[in-house]
Amino acid sequence: MSNRFRLGGDLDVNRMGLGAMRLPSKAGMFGAARDPEVGRAVLRRAMELGADHIDTADFYVSAGGAVRANTLIRETLFPYPSNLVIATKVGHIVGQDGFTQGTAADMRRLVETDLETLGLDCLDLVYLRIGAMSPPHGESLAARFAALAALREEGLIRHLGISNVDAGHLAEARAIAPVVAVQNHYHAAQRDDADLLAACEEAGIAFVPFFPMGGGRELDDERLARVAARHGATVGQIGLAWLLASSPVTLAIPGTGSLPHLEENMAAAAITLTGEDLADLA
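Moving on, we get to the pattern of salt bridges. Oppositely charged side chains can form a pair if their charged atoms are brought close together. Tallying each qualifying case throughout the model produces 18 salt bridges. The salt bridge partner of Arg-108 is Glu-154, with a shortest N-O separation of 2.3 Å. Of the two residues, Arg-108 sits in helix 3 (residues 107–118) while Glu-154 sits in helix 4 (residues 142–154), which places them 46 residues apart along the sequence. By relative accessible area, which is 34% here, Arg-108 ends up partly exposed. A cluster of three or more residues bridged by salt bridges with shared partners is formed by Arg-226, Arg-230, Glu-276, Asp-277 and Asp-280.

Here we take up the nonpolar core. Counting 88 residues, the largest nonpolar core has Leu-7, Leu-148, Ile-162 and Val-182 as its most contacted members. In terms of residues, this core owes the most to one element, helix 8 (residues 235–246), which gives six residues. Excluding its chain neighbours within four sequence positions, the residues that come into contact with Leu-148 are Val-90, Met-107, Val-111, Val-126, Leu-128, Ile-157 and Leu-160.

This brings us to the pairing of strand 9 (residues 157–163). Strand 9 sits mainly inside the fold: six of its seven residues count as buried. The pairing of strand 8 (residues 123–129) with strand 9 spans six bridges and is parallel. The residue of strand 9 that forms the bridge with Tyr-127 is Gly-161. At this point the chain moves from strand 8, through helix 4, to the parallel strand 9, and the crossover so formed is right-handed. As paired elements, strand 9 and strand 10 (residues 181–183) share three bridges and run parallel to each other. When the bridges of strand 10 are listed, Gly-161 appears paired with Ala-181. Assessed by its sense of winding, the connection that carries the chain from strand 9 through helix 5 (residues 167–174) to strand 10 is right-handed.

How each quantity is defined
Along each chain, the written sequence defines residue order, and numbers are assigned to residues from 1. Residue-level local features of this predicted model are given only where pLDDT is at least 70; pairs of side-chain atoms are given and counted only at 80 or more, and the full residue set underlies all totals for whole chains, interfaces and linings. Hydrogens and water molecules were not included; the side-chain quantities draw on all heavy atoms of the structure. Salt bridges are defined by distance alone: a side-chain nitrogen of Lys or Arg within 4 Å of a carboxyl oxygen of Asp or Glu. Each helix is a run of DSSP H or I of at least 4 residues and each strand a run of E of at least 2, with the numbering of both proceeding from the N terminus. Only protein chains enter the accessibility calculation, which uses a 1.4 Å probe; a residue whose area is less than 20% of its type maximum is buried, one above 50% is exposed, and one in between is partly exposed. Residues belong to a common nonpolar core when they are buried Ala, Val, Leu, Ile, Met, Phe, Trp, Tyr or Cys residues joined through side-chain atoms within 4.5 Å. Residues count as neighbours in contact if any of their non-hydrogen atoms are within 4.5 Å of one another. The pairing criterion for strands is at least two bridges between them, as found by DSSP. When the strands point away from the viewer, a crossover counts as right-handed if the path from the first strand over the helix to the second runs clockwise.

See the structure below:
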């Protein structure tokens with residue numbers, strides 16, 4: 001398979017990108033702040049290694065909002081290289097009691113915040129994120145997605161995606177505006193959305209798993225360990241290589257705040273799984 005993918009038919013990206021969630025903090029969202037210089041170093045090195053697709057969100061922040069992923073991205077990489085694609089997601093509103101779901105009326109404000117914090121006039125890719133960690137089956141996204149589609153028509157957004165969805169949500173969204181990417185919880189040990197991935201492949205829609213390495217906790221599988229031993233690789237690297245091998249439309253966006261871990265993740269794109277490997281991991 002090619003190691004490149006054309007998002008929306010016009011944004012050519014490396015299938016191994018970078019997730020920004022871990023740049024501001026040491027323990028995911030709202031964790032203790034990481035030294036901003038470390039996050040900046042990771043961003044610079046990621047670009048050197050060919051990660052031209054960065055996935056971020058305005059709510060990727062450290063405790064108290066002291067360090068923000070979008071701010072790090074802008075301060076480190078602006079003016080942005082012409083080949084860099086920055087994807088973001090909206091839909092959640094962060095308050096003192098955690099996340100609440102935004103309404104259609106909130107979409108403009110959320111998009112304008114991303115434009116401001118990233119220093120952009122137009123966002124390359126905006127996902128509508130709904131629910132928490134599993135798709136809210138039966139919940140309509142139509143009004144919110146239509147609001148984003150209107151902002152796309154205004155020129156504030158180039159392409160639209162949806163996140164944490166099921167097949168019904170995908171059909172609902174596609175009836176309103178083109179969907180170029182789906183971002184769901186999916187990895188080698190969490191394959192509940194295999195049918196959704198197949199639907200995306202058939203339609204040429206990118207499938208961009210969040211937690212592609214199980215959040216560093218879930219890829220504890222003897223099959224992965226066996227394949228990793230054959231390649232002299234880590235289990236995490238094999239998890240990423242499996243994602244890329246599973247379909248030509250899968251994109252990986254592993255997150256990290258560590259330079260050695262970044263280099264390890266990026267090297268996974270060079271691992272070619274054999275037929276024996278794929279059979280072991282089937």
